[in-house]
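# Structural overview
Next come the chains, spelled out residue by residue.
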Number of protein chains: 2
Amino acid sequence: MKHQTVETHALNRRGFLKTSGAALGAASVAGLASACRSLQDSSSSGMTQGAVILFQGDSITDAGRSRDPALTAQPNQSPALGSGYASLAAAALLVSQSAAGFKIYNRGISGNKVFQLAERWTTDCLALQPDVLSILVGVNDLWHTLDPRIGYNGTVEIYERDYQALVERTRRALPRVKLVICEPFVLRCGAVNNRWFPEFDRYRAAARRVADRHQAVFVPFQSMFDEAIKFAPPDHWAKDGVHPSSAGASLMAYFWLQAVRGKS
Amino acid sequence: MKHQTVETHALNRRGFLKTSGAALGAASVAGLASACRSLQDSSSSGMTQGAVILFQGDSITDAGRSRDPALTAQPNQSPALGSGYASLAAAALLVSQSAAGFKIYNRGISGNKVFQLAERWTTDCLALQPDVLSILVGVNDLWHTLDPRIGYNGTVEIYERDYQALVERTRRALPRVKLVICEPFVLRCGAVNNRWFPEFDRYRAAARRVADRHQAVFVPFQSMFDEAIKFAPPDHWAKDGVHPSSAGASLMAYFWLQAVRGKS
């Protein structure tokens, strides 16, 4: 818990360090200088003029987005971006930097595990040639093993292996893509009970290792929500423990933007 | 419209200029340098260790907050902060800077006009001794003149006079308070029809003059929503044209934080 709190505080610094590849120890960097350096390195955030930004993941990313091909084929179509963190982050980017010409897509699909992202990766990621690719996946990789009606028999080793392979494949096809790997998270309420732990923590750690191996920006959503529950109870952020409320999604969007833009 | 777009782009630069009192012309300042300088001046944002932050206004700020004295007497109580932009901005601050010890209150009351803020100002503002005071008021000052059931006979001159007096009184009692004046806004849908215009624009301009006279941070919410409707229709942001949806509130929180924190 203590470690997670520190992670939250170090979010922007870490985002910057990942972004720039600097070898400075996070703890040794003064906050202000670091934040300024992150701004100076903002070009490496991938948020360049006309950047294609793709959100990928499961239901948390999907968030009820339209499947109408007339909408999904075009960027920046509000119904095709859903109503979750991806849509809120997209709105903040499109409104605050309207001249930047960002092209934002959401291809999250409810229920997806990492191997299901891989199955549709050519169409739903590589073909879009993103400059910034954000992935949030992992909660179903565990949840579906706990639900006897689904009976998925994956393991954390399979999750990490598949995730690693997916990112390697992406790097080969898109060597310049800016990678954002979001930490899977749960709130301890609703459908989330003690059966999830400590196994869920191993999935989070695996996502973190994949991010570290590929110099991805890591967005520590679990650490963020661990702080958030000191301010309001778990079900304020996600009634069923998995799917964020509008308050949870808004907080995620804010943290996502801070991490990816290096606090700019 | 063109002018408003420019305002939106210049938001953080303007926030910084107001914050620091620098005499630089906004247009002449390079974006990156300005953003960095704003970070270096972040202490003047009022967001210092233990800062008391107070949100004041009408229903848009209120957003269904609890009136339970056991909750409203304490800072950072989620139900007492409502479910609008104030609560979302508070959550972002409390979670991303959990060690800062901010004490955040919401005293917005649905239906309030500026003279009604004045009536309860001793208790609901001055007694709390805010370090940062954010005010969003003005939509009812016009709306209630358009509704024959209410029959309020205020004018824009009365609004500006009362607003000016309220801010002067605040400055006398709290000379070091960091002032944030939010632009009143409407979306052209729901209850908002042509009868609102061009009069509503005069209320916005009056709020802007009050901000300028007092070196307040000005949060250009109307300009923000004017950009936002290029991305999604007006009722996506506020179904009735006045009260923001969760998407509208999330966008407001993001812009509020950017303006007040000087993009930090």
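Refer to the preceding data block for the structure.
Everything in this summary refers to the structure shown in the same document. (Residues numbered from 1 in each chain as written. Chains lettered and ligands numbered in written order. Predicted model: local features only at pLDDT ≥ 70, side-chain atom pairs only at ≥ 80, totals over all residues. Heavy atoms only, no water.)

## Concerning the packing of aromatic side chains
All names here are of chain A. All chains considered together, the criterion is met by 29 aromatic pairs over all chains. Residues Phe185 and Phe221 carry aromatic rings whose centres are separated by 5.9 Å and whose planes lie at 75 degrees to one another, so their mutual orientation is edge-to-face. With Phe185 in the loop between strand 4 (178–182) and helix 11 (199–213) and Phe221 in helix 12 (residues 221–228), the pair connects residues that are 36 residues apart, well separated along the chain. Phe221 carries the same exposure label as Phe185, and that label is buried. (Phe/Tyr/Trp six-rings, centres within 6.5 Å; stacked < 30°, edge-to-face > 60°. Helix = DSSP H or I, 4+ residues; strand = E, 2+ residues; numbered from the N terminus. Buried < 20%, exposed > 50% of the residue type's maximum accessible area, 1.4 Å probe, protein only.)

## A word on the sheet that holds strand 2 (residues 103–106) of chain A
Residue and element names in this part refer to chain A. One open sheet holds the 5 strands; their spatial order is 2-1-3-4-5, and the pairing between them is parallel. Looking along the sheet, the strands with just one partner apiece sit at the ends: strand 2 and strand 5 (217–219). Neighbour-to-neighbour, the strand axes of this sheet turn through a mean angle of 15 degrees, independent of strand direction. Here strand 1 (residues 52–57) runs beside strand 3 (residues 132–136); their pairing, made up of 5 bridges, is parallel. Bridging from a neighbouring strand, Phe55 pairs with Ser134 of strand 3. Here helix 6 (residues 85–96) sits on the sheet in contact with strand 1, strand 2 and strand 3, set at roughly 165 degrees to strand 1. Those strands touched by helix 10 (residues 156–173) are strand 3 and strand 4, and its axis lies near 165 degrees from that of strand 4. (Pairing = 2+ DSSP bridges. Axes fitted to C-alpha atoms, helices over the stretch in contact; angles between N-to-C directions. Contact = heavy atoms within 4.5 Å.)

## A few points about the sheet that holds strand 1 (residues 52–57) of chain B
Residue and element names in this part refer to chain B. Pairing is parallel across the open sheet formed by 5 strands, whose spatial order is 2-1-3-4-5. Both edges of this open sheet fall to strand 2 (103–106) and strand 5 (217–219), since each of them pairs with a single strand only. In this sheet, neighbouring strand axes are inclined to one another by 15 degrees on average, regardless of whether the strands run parallel or antiparallel. Relative to the sheet, helix 10 (residues 156–173) contacts strand 3 (132–136) and strand 4 (178–182), its axis offset from that of strand 4 by approximately 165 degrees.

## Regarding helix 12 (residues 221–228) of chain B
Summarising burial for helix 12 of chain B: 8 of the 8 residues are buried, a large majority. The complete set of buried residues in helix 12 of chain B reads Phe221(B), Gln222(B), Ser223(B), Met224(B), Phe225(B), Asp226(B), Glu227(B) and Ala228(B).

## Considerations on the state of the cysteines
Residue and element names in this part refer to chain A. The full count for this structure, using the stated rule, is 0 disulfides over all chains. Looking at Cys182, it has no disulfide partner, and the nearest cysteine sulfur is the one in Cys125, 14 Å off. On the basis of relative accessibility, which here comes to 0%, the residue Cys182 falls in the buried class. (Disulfide = S-S within 2.5 Å.)

## Let's talk about the packing of helix 12 of chain B against helix 14 (residues 246–260) of chain B
All names here are of chain B. Contact pair helix 12 / helix 14: the axes reach a minimum separation of 11 Å and the direction vectors enclose 130 degrees. Overall, the two elements helix 12 and helix 14 adopt an arrangement that is oblique. Crossing of helix 12 over helix 14 shows right-handed handedness. Packed against helix 12, whose contacting residues are Phe221, Met224, Phe225 and Ala228, the element helix 14 presents Gly248, Leu251, Met252, Phe255 and Trp256 at the interface. Grouping the amino acids of the contact of helix 12 with helix 14 by side-chain chemistry returns 8 nonpolar, 1 polar and no charged. (Parallel < 35°, antiparallel > 145°, perpendicular 65-115°, else oblique. Left-handed = near helix turned anticlockwise from the far one by under 90°. Nonpolar A, V, L, I, M, F, W, Y, C, P; charged D, E, K, R; others polar.)

## Side note on the nonpolar core
Ranked by size, the top nonpolar core spans 168 residues in total, and within it Trp256(A) and Trp256(B) carry the most contacts. Residues in contact with Trp256(A), not counting those within four places in the same chain, are Met47(A), Ile53(A), Phe55(A), Tyr85(A), Ala89(A), Leu93(A), Ser134(A), Val180(A), Cys182(A), Val219(A) and Phe221(A). (Core = buried A, V, L, I, M, F, W, Y, C linked by side-chain atoms within 4.5 Å.)

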